[in-house]
Amino acid sequence: MAVSPSLSAAPRTRRDLRLDFFRGLALWFIFLDHMPSNTLNEYTIGHLGFSDAAEIFVFISGFAAAVAYGSILKRRGYVLAVARILRRVWQLYVAQIFLFVAFIAQVAYVAARFQNPMFAEEMGIVQYFQEPHISLLQALLLKFRPANLDILPLYIVLLASFPVVLWGIVRAPLVTLGISAAFWGVVHYFHWNLAGYPPGTEWYFNPFAWQLLFVTGAVCGIEGDSLKKILPHRNILFALAVVYLVFALVIAKTWYVPQIETLVPPWVGDLLYPIDKTNLDLLRYFHFLAMAYVTVYFVHADSKFLHWRVFHPLVVCGQHSLQVFCVGTFLSFLGHWILVQINGSLPMQALVSVTGIALMSLLGYVLAWYKAKEAARATVAAPPRVGVAE
Amino acid sequence: MIARIALGALGVAMTVAVAASAQAPAPVAPPACDVPDQFRYLTDDLPFMDQAVKRTHTLKVVVVGSASTVGPGAENAYPARFEKELARRLPGVQVSVTVKAKSGFTAVDMVKTIKSEVIPAKPALVIWQTGTVDAVQGANAETFADSLVAGIEALHKASIDVILMDMQYSPFTSSMVNLELYRKLMIWVAQRRDVFLFHRYDLMHYWSENQIFDLGVTDRAEQRRVADTIHGCIGQMLAQAVLSNRDVAREPSR
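Residues numbered from 1 in each chain as written. Chains lettered and ligands numbered in written order. Predicted model: local features only at pLDDT ≥ 70, side-chain atom pairs only at ≥ 80, totals over all residues. Heavy atoms only, no water.

Some remarks on the overall build of chain A
Looking only at helices and strands, chain A features 14 helices and zero strands. If you list the helices and strands of chain A from N to C, you get α-α-α-α-α-α-α-α-α-α-α-α-α-α. Sorting the 390 residues of chain A into buried and exposed places 54% on the buried side. In chain A, the proportion of contacts linking residues at least 24 apart, taken out of those at least 6 apart, comes to 79%. If you sum the accessible surface of chain A, you get close to 17,900 Å²; carbon and sulfur atoms cover 69% of it. (Helix = DSSP H or I, 4+ residues; strand = E, 2+ residues; numbered from the N terminus. Buried < 20%, exposed > 50% of the residue type's maximum accessible area, 1.4 Å probe, protein only. Contact = heavy atoms within 4.5 Å. Areas by Shrake-Rupley, 256 points an atom, 1.4 Å probe, with all protein chains shown as cover.)

Rendered as C-alpha cells:
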C-alpha cells in the first residue's frame, strides 16, 4: 500500500484516495477544534450535527488498519501482521508521551508565569504535578490524559486489540460486527469503562464503546461488498440519511442559537438528551454513518476532484496521519498561545489557522518525499515488498 | 508584525509574545460594564421570587458555588455587588444575599449543600454557579448532568427559583481544561428544565477577546483590580438579568 507522494506516478496498489482525503480533513478539523481561542472552529464538522472529527478519525483508522494489515495477513501471514500492528501501537504510545510532555511544559509555564488567584480553581491541573511520581506514572499507564490528550490512548487500545478483530473480520466480517455491536450494548448496560486518573474518573473516549465504530470501519475496509448486499435500496437509504442529517443540524443549531430553541418540542429534547460522547451514543454513531453514506454517494473512489492540486495537501496529511496528528496537536497549543499573547483578532486567527495547516501539510510532503526515497532504495536493493501506509 | 507572525509559526514566538505583552500597558477598564446587547440577559419566569417580593417585600437569595463565587483574588466577589445592585433596584424591599460556596466543590457536593443547608434556609431564589471543578477533575458527564437535574428539581419542589451560572473564561486555562462538554450539558439541562443560565463564560470571553479586561496581567495588584472589576460587572449584570421585565424593579438613575 505504499504510495509514492506524486500521485501521477503509477501506484503499486490502487489506494482509495477518499480515505486520505477525509482523514486529512479530520486532522485539520481536530487542529482547529483544539484552539479554544480560534473562532474558526465554529465552522468545523462538530457544529453540523451530533458527531464530530473524532468519529471520522476512528472510522477511517479502522478502515485503513483493515486494508493495511489485512493485506499483510494475506501475503505474509497472521504472525507478521500482528507484529506490525504491535509496532504501530508502540509508535502511537511514544507519540502520546511526547504530546504529554509538550502539555506539561505548557502547564508549568502558565503556572509559573501567569499565576492568578482568580483562576486558582481552573489551574487545578497543577495540583496533580505536586506529586510527579504519581502523575507521571499515571500518564505512562495512559490513565492520566488531561485536556485534549485522550484520542491517541483510545487509538492505542483499539489497535492493540486489533489482532483479535482482524482474525474475526477475515473469516466472518458480519459476525464480527455483530459481536462488536452486542459488546457495545453490554458495555452500555453495565457501564463498563477503563479507569482514569485522578481516581474516580473514567476515559473520556470509552474504548469499549468506541470499538464499535472502529470495527465498523474495519469491516467496511475489508468486506464492503458483503455489507452492500444486506443494506436496503441505495435511494431509500440515501433519503433516510439526508433526513437524519437535517434533523441533527437543526438540533445542533439550537445548542448555539437559543432563539430557535423553541422549534424543538420538549419531548424530543428529553429523548435526545444527553448525547453521550464518552460512550459513543447511537445518535452520534448513526449521524456519522449517515454523513459517510451521503459522502460516498457523491464522492467516488475515482472522483476527479480528489486529484485536484488544491486538495493534494489534504491527501498527503491523511497519508501520514500519526505524525501530522501529533504535530497538529502541538501546533494547536502554540497557535492558541499566539492568539492569546500577541493578537487574537480575526485576521490573526485566520493566519494562525492557515499557517498551522500549511506546516502540517509541509510535514506530510517531507514524509512522503522521504518514504519515496526509501522505497526507491529498497526496490533497488531488494525484491519488492509491500509496505504499510496508514 | 509580519516578522513576529513568521517567528510564531516557527515555534519560537512564545517568548517573543510574552516579552511583547509585558511591555504593552494593560488596557484601562471602562467605568461601566460595557457589553453589547446580546449579553444583556433577560429572565422572565421567576414566579417564586416575584411572589416573595410582592407579598413579603423581602428577597432572600442564596448563592451556591465554588472558588469563583468565594472570590479569590477579588476584594468583593460578585455576590456582594449583586446584593447591592438588587437593593438599589428594589426600593422598599429587604434584600439579603448569602453565600454557600467552597473552593473545590463539585456539582455533587453542591447538591448535598442545597438539600441540607440551602432549602432549609427558605430563600426565594438560588444562584447556582457550577461546572468548573467537575471539568478540572474530568467528572463523569452523566453524574454531572444528573446532579444538575436533581438540584433544580429539589429547589423547584421547595418553591425556590434557580438560576444557573457557568464557568469563568480565561485564555490561559481554557487550553488546559476541557470545559466544552460540561458547558454543553449545562445549556442542555437549562433548556430542558426551563431554567435561566447566566452565560458568564461567554461574557468573560467577550471581555477578553475585545481586550476590555486583560486577564494576562502578572502584577498582583493589577490582577486584583481586574478581578474586582470583573466580579463587580458580573454582580451588576446578574442583578439586571434577575430584575429584567419586572414592574417591581425600578431602573436606577445613573
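Quick notes on the pairing of strand 4 (residues 161-165) of chain B
The side chains of a regular strand alternate, first on one face of the sheet and then on the other. Residues and elements named next belong to chain B. In terms of burial, strand 4 is largely enclosed, as five of its five residues are buried. Residues Asp161, Ile163 and Met165 line one face of strand 4 and the alternating positions Val162 and Leu164 line the opposite face, and both faces are buried. Direction of pairing for strand 4 relative to strand 5 (residues 196-198): parallel, over a ladder of three bridges. Looking at the pairing, Leu164 lines up with Leu197 of strand 5. In terms of handedness, the path from strand 4 via helix 9 (residues 180-192) over to strand 5 forms a crossover that is right-handed. (Pairing = 2+ DSSP bridges. Right-handed = clockwise from strand over helix to strand, strands pointing away.)

Section: the pattern of salt bridges
For the structure on display, the rule yields 14 salt bridges over all chains. In this structure, a network of salt bridges that share partners links the residues Asp52, Glu55, Lys277 and Arg284 of chain A. (Salt bridge = Lys/Arg side-chain N within 4 Å of Asp/Glu carboxyl O.)

A few points about the sheet that holds strand 1 (residues 58-65) of chain B
Residues and elements named next belong to chain B. Across the sheet, five strands lie side by side as 2-1-3-4-5; this open sheet has parallel pairing. In the strand order of this sheet, the two ends are held by strand 2 (94-101) and strand 5, each with one partner. Across the sheet, the mean angle separating the axes of adjacent strands is 20° when strand polarity is ignored. In this fold helix 11 (residues 220-242) packs onto strand 3 (125-129), strand 4 and strand 5, with an angle of close to 160° to the strand it touches most, strand 5. (Axes fitted to C-alpha atoms, helices over the stretch in contact; angles between N-to-C directions.)

Some thoughts on the interface of chain A and chain B
One widely used convention gives an interface's size as the accessible area the parts lose upon coming together. Taken together, the contact between chain A and chain B spans 54 residues of the former and 61 residues of the latter. Interface of chain A and chain B: buried area, both sides summed, is about 5,100 Å²; carbon and sulfur atoms make up 62% of it. Here chain A and chain B share zero salt bridges between them. One can count nine residue pairs in polar contact (both at pLDDT 80 or more) joining chain A with chain B. Classifying every residue of the side of chain A that touches chain B gives 32 nonpolar, 16 polar and six charged. (Buried area = accessible area lost by both parts, 1.4 Å probe. Polar contact = N/O pair within 3.5 Å; in protein donor to acceptor, adjacent residues only side chain to side chain. Nonpolar A, V, L, I, M, F, W, Y, C, P; charged D, E, K, R; others polar.)

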